[in-house]
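Each chain, letter by letter, is given below.
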Amino acid sequence: KGTTLDQIKSALSWAVKYDITAVCSFIIGHWYDTNTSIEQTIDFAKELQNEFICQALFAICTPLPGTKLYKNLKEYNCNLLTDDFDRYDMMTPVMRIENLSEKEIRNYYYKAVYEVTKSAPKELQTLLTLRKSLPQKLSKYYDYDEFLI
């Protein structure tokens, strides 16, 4: 969206200065994402979380009807995997992209949630404890025996 990493850090510095606990949202599985770009995103989220005591949240890129992404899937070399909108929950891959499989995107999502929870400073631990039950709640959709990080 044109925002630099330094601009993000500057905004978070202001939040810390005024005792505001920020929430930083990250989306993985964009049409242009690669293994490297997602790993960099996860590392940046952990860096921000630990440096600025902000909560890092992750979602999977989901082409919602009416959005530019949804309207231009072919232009981005993407395909919808399902038209079951119950699965458009931003935690389930519903779009096939060129560089990563749906399983890789799903596993990166869980890796991101796990790593930011594991590396969170004490000040955020209470908030993040709620995330630990996420895989059990979604078990109807995934075979967690295949989930490997």
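Here the structure is shown first, and the text comes after it.
Residues numbered from 1 in each chain as written. Predicted model: local features only at pLDDT ≥ 70, side-chain atom pairs only at ≥ 80, totals over all residues. Heavy atoms only, no water.

## A closer look at the packing of helix H2 (residues 35–52) against helix H4 (residues 102–118)
How we decide: Angles here are taken between N-to-C directions and fall from 0 to 180 degrees, while the axes themselves are lines fitted to C-alpha atoms, restricted in helices to the stretch in contact. Numbering of helices and strands runs from the N terminus, with a helix taken as a DSSP run of H or I at least four residues long and a strand as a DSSP run of E at least two residues long. Angles below 35 degrees are treated as roughly parallel, those above 145 as roughly antiparallel, those between 65 and 115 as roughly perpendicular, and all remaining angles as oblique. Handedness of a helix crossing follows the sense of rotation of the near helix relative to the far helix, less than a right angle counterclockwise being left-handed and clockwise being right-handed. The contact criterion used throughout is that any non-hydrogen atoms of two residues lie within 4.5 Å. Gly counts as polar in this scheme, as do all residues outside two lists: the nonpolar Ala, Val, Leu, Ile, Met, Phe, Trp, Tyr, Cys and Pro, and the charged Asp, Glu, Lys and Arg.
Between H2 and H4, whose axes approach to 10 Å, the crossing angle comes to 15 degrees. Of the possible angle classes, the one that applies to H2 and H4 is roughly parallel. Crossing geometry of H2 relative to H4 is assigned as right-handed. Facing H2, whose interface residues are Asn35, Ile38, Glu39, Ile42, Ala45, Lys46 and Gln49, H4 presents Glu104, Tyr108, Lys111, Ala112, Glu115 and Val116. Looking at the contact of H2 with H4 residue by residue, the classes come out as six nonpolar, two polar and five charged.

## Details of the nonpolar core
Quick reminder of the rule: The term nonpolar core refers to a set of buried residues drawn from Ala, Val, Leu, Ile, Met, Phe, Trp, Tyr and Cys, joined through side-chain atoms within 4.5 Å. Partly exposed describes any residue whose relative accessible area lies between the buried limit of under 20% and the exposed limit of over 50%, with all areas from a 1.4 Å probe on protein chains only and scaled to the type maximum.
Core analysis: the biggest nonpolar cluster contains 31 residues, and Leu12, Phe26, Leu48, Phe58, Met95 and Tyr109 have the highest contact counts within it. Looking at this core, the elements with two or more residues in it are helix H1 (5–17), strand E1 (23–28), H2, strand E2 (55–60) and H4. At seven residues, the largest contribution of residues to this core is made by H4. Discounting residues that sit within four places of it in the chain, Phe26 has contacts with Thr41, Phe44, Ala45, Leu48, Ala56, Leu57, Phe58 and Ala59.

## A word on the state of the cysteines
Two cysteines, two sulfur atoms, one covalent bond between them: this is a disulfide. The condition is simple: Disulfides are defined in this document as cysteine sulfur pairs within 2.5 Å.
Applying the stated criterion across every chain yields a total of zero disulfides. Of the cysteine sulfurs around Cys24, a residue in no disulfide, the closest is that of Cys54, at 3.5 Å. Under the relative-accessibility criterion, Cys54 is labelled buried at 0%.

## Comments concerning H2
For the record, the criterion: Given the number of residues in a helix, its expected span is that number minus one, multiplied by 1.5 Å. Here, the arc refers to the directions that run from the helix axis to the C-beta atoms.
Its 18 residues give H2 an end-to-end C-alpha distance of 26 Å, which sits within 8% of 26 Å, the value for a rise of 1.5 Å per residue. Of all the positions in H2, only Ser37, Ile38, Ile42, Phe44, Ala45, Leu48, Gln49 and Phe52 are classed as buried. Projected down its long axis, H2 carries its buried residues within an arc of 160 degrees, all on one side. Turned more than 90 degrees away from the buried face of H2 sit Thr36 and Gln40, all of them exposed. Among the residues trailing H2, Ile53 stands out with phi positive, at a value near 50 degrees.

## So, the pattern of salt bridges
Note the following rule: Each salt bridge in this description consists of a side-chain nitrogen of Lys or Arg and a carboxyl oxygen of Asp or Glu lying within 4 Å of one another.
Summed over all chains, the structure comprises six salt bridges. The salt bridge involving Lys9 is made with Glu47; its shortest N-O contact spans 2.5 Å. Pair noted here: Lys9 is in helix H1 and Glu47 is in helix H2, with a separation of 38 residues, a long-range link. We classify Lys9 as partly exposed; its relative accessible area is 24%. In this structure, the salt-bridge partner of Lys111 is Glu39, at a minimum N-O distance of 2.7 Å. With Lys111 in helix H4 and Glu39 in helix H2, this pair connects stretches of sequence that are 72 residues apart. Relative accessible area serves as the criterion here: at 25%, Glu39 is assigned to the partly exposed category.

## Structural notes on a nonpolar patch on the surface
Condition: Patch definition: residues with relative accessible area over 30% and no salt bridge; like charges joined within 9 Å; nonpolar side chains (Val, Leu, Ile, Met, Phe, Trp, Tyr) joined within 5 Å. Shrake-Rupley sampling with a 1.4 Å probe provides the accessible areas, and residues are treated as covered by the protein chains on show and by no other component.
Together, Trp14, Tyr18 and Ile20 make up an exposed nonpolar region whose accessible area comes to about 370 Å². Turning to its location among the elements, Ile20 is positioned in the loop between H1 and E1.

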